[in-house]
Amino acid sequence: MCENGTGLRARKRQRTYRAISDAAVSLFLEKGFATVSVSEIAEAAEVSKPTLFRYFRTKEDMALHRFADHEDEAARVVAGRHAHESPLTALENHFLAGLEARDPVTGLCDEPEVLSFHRLLYGTPELVARLHSYTARSEEALADALAAGAADGAADAGTAPGLTARLAAGQLVTSQRVLATANWRRIADGASADSVSAAAREDARRAFALLRTGLTPFA
């Protein structure tokens, strides 16, 4: 069966996104974020500048495109959890599985390319600042998923609808970010992913245990 035109266009668009982002990141790693021009990126990606700007508004977005798929990851985990599994348990199991798989988003990955990218990210103030917008969208998506799945998260007596869900989402996303940053720092200091795996798992379990004491509606 032939793929329809809409599907082909979507796949082509995703390939172009990836090609531009990969070209940009390679140049940033080689020359530094501030010194690379948009023209250089367009040339390396073999697209025109107008085409490049149709896909990405800024250099920061080109560098952080690989985070785009993770923006609604926590929300998807909550929405797709098993019938009798709590949101918190689903997120904990997902994070632990990410550690086991050495998913770069957990910080527990010592592949040279990933380490280089993390050094670029955390060493570039413009990228750190832009990362906050990705975090905010992740929190918003997770809050929506929590509110949709629990009456206690949808509204609180005397408060704005969804406040509990938004507070919970902020704590959950922040906790996972702190865990990932701690893992990355261990590896940046010279440890291997395997050597700190047990400590990373223990930290994650402790973090989610602490969250359970305050996030009762979702625990």
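Predicted model, so just to flag it, every value in this text is computed and none were measured.

1. Observations regarding the side chain of His118
Its location among the elements puts His118 in helix H7 (residues 112–122). Taking relative accessible area as the criterion, His118 reaches 6% and is therefore assigned buried. Here His118 is in contact with Pro104, Gly123 and Trp184, once residues within four sequence places are set aside.

2. Quick look at the packing of aromatic side chains
We describe a pair of aromatic rings using the distance from one ring centre to the other and the angle between the two ring planes. Inspection of every chain in the model, using the stated rule, returns four aromatic pairs. With a centroid separation of 4.8 Å and 40° between ring planes, the pair formed by Tyr122 and Trp184 is classed as tilted. In this pair, Tyr122 is assigned in helix H7 and Trp184 in helix H10 (residues 163–188), connecting sequence segments 62 residues apart. For Trp184, a relative accessible area of 12% translates into the label buried. An aromatic cluster is defined as three or more aromatic residues linked by ring pairs; in this entry it consists of Tyr17, Tyr55 and Phe56. Of note, Arg13 hangs over the ring of Tyr55, and the distance from its end group to the ring centre comes to 4.7 Å. The ring of Phe33 has Lys59 sitting right over it, with the charged end atom 4.6 Å from the ring centre.

3. Some words on the packing of H7 against helix H8 (residues 125–149)
It is the contact of H7 with H8, at a shortest axis distance of 6 Å, that shows an interaxial angle of 90°. Our classification of the angle between H7 and H8 gives roughly perpendicular. Facing Leu120, Leu121 and Tyr122 of H7, the residues of H8 in contact are Leu127, Val128 and Leu131.

4. A short note on the environment of Gly162
Within the secondary structure layout, Gly162 lies in the loop between helix H9 (151–154) and H10. Along the primary structure Gly162 and Ala148 are separated by 14 residues, whereas in three dimensions their C-alpha atoms are 9.3 Å apart.

5. Brief notes about the layout of surface pockets
Here the largest pocket defines a volume of roughly 740 Å³. Along the wall of the largest pocket there are 29 residues; nearest its centre are Phe67, Val105, Val173, Gln176 and Arg177. Of all the elements in the fold, those that place two or more residues in the lining of the largest pocket are helix H5 (73–79), helix H6 (87–100), H7, H8 and H10. In terms of residue count, the dominant contributor to the lining of the largest pocket is H10 (seven residues). When the residues that make up the lining of the largest pocket are grouped by side-chain class, the tally is 13 nonpolar, 12 polar and four charged. Its boundaries defined by the atoms lining it, the second largest pocket holds a volume of some 410 Å³. Along its surface, the second largest pocket is lined by 16 residues, and Arg18, His65, Arg66, Phe67 and His70 are the ones closest to its centre. No other element matches the four residues that H7 contributes to the lining of the second largest pocket.

6. What about the pattern of salt bridges?
Inspection of every chain in the model, using the stated rule, returns 11 salt bridges. A salt bridge links Arg137 to Glu71, with the nearest nitrogen and oxygen atoms 2.9 Å apart. One end of the pair, Arg137, is in helix H8; the other, Glu71, is in the loop between helix H4 (59–63) and H5, with 66 residues separating them in the sequence. Since its relative accessible area comes to 18%, Glu71 is described here as buried. Glu92 is the salt-bridge partner of Arg205, the closest N and O atoms lying 3.9 Å from each other. With a gap of 113 residues between them, Arg205 in helix H11 (residues 193–214) and Glu92 in helix H6 connect regions that are remote in the sequence. The class of Arg205 is partly exposed, set by a relative accessible area of 39%. Taking the relative accessible area as the measure of exposure, Glu92 reaches 8% and is therefore buried. Sharing partners across several salt bridges, the network here consists of Glu92, Arg205 and Arg212.

The rules we used
- Residues numbered from 1 in each chain as written.
- Predicted model: local features only at pLDDT ≥ 70, side-chain atom pairs only at ≥ 80, totals over all residues.
- Heavy atoms only, no water.
- Helix = DSSP H or I, 4+ residues; strand = E, 2+ residues; numbered from the N terminus.
- Buried < 20%, exposed > 50% of the residue type's maximum accessible area, 1.4 Å probe, protein only.
- Contact = heavy atoms within 4.5 Å.
- Phe/Tyr/Trp six-rings, centres within 6.5 Å; stacked < 30°, edge-to-face > 60°.
- Lys NZ or Arg CZ within 6 Å of the ring centre and 35° of its normal.
- Axes fitted to C-alpha atoms, helices over the stretch in contact; angles between N-to-C directions.
- Parallel < 35°, antiparallel > 145°, perpendicular 65-115°, else oblique.
- 1 Å grid on protein atoms, 1.4 Å probe; cavity = no way out; pocket = protein on both sides within 12 Å on 5 of 7 lines; lining within 4 Å.
- Points joined across faces, edges and corners; volume = space filled by probe spheres on them.
- Nonpolar A, V, L, I, M, F, W, Y, C, P; charged D, E, K, R; others polar.
- Salt bridge = Lys/Arg side-chain N within 4 Å of Asp/Glu carboxyl O.

Everything listed here is a matter of geometry and, on its own, says nothing about what the molecule does.
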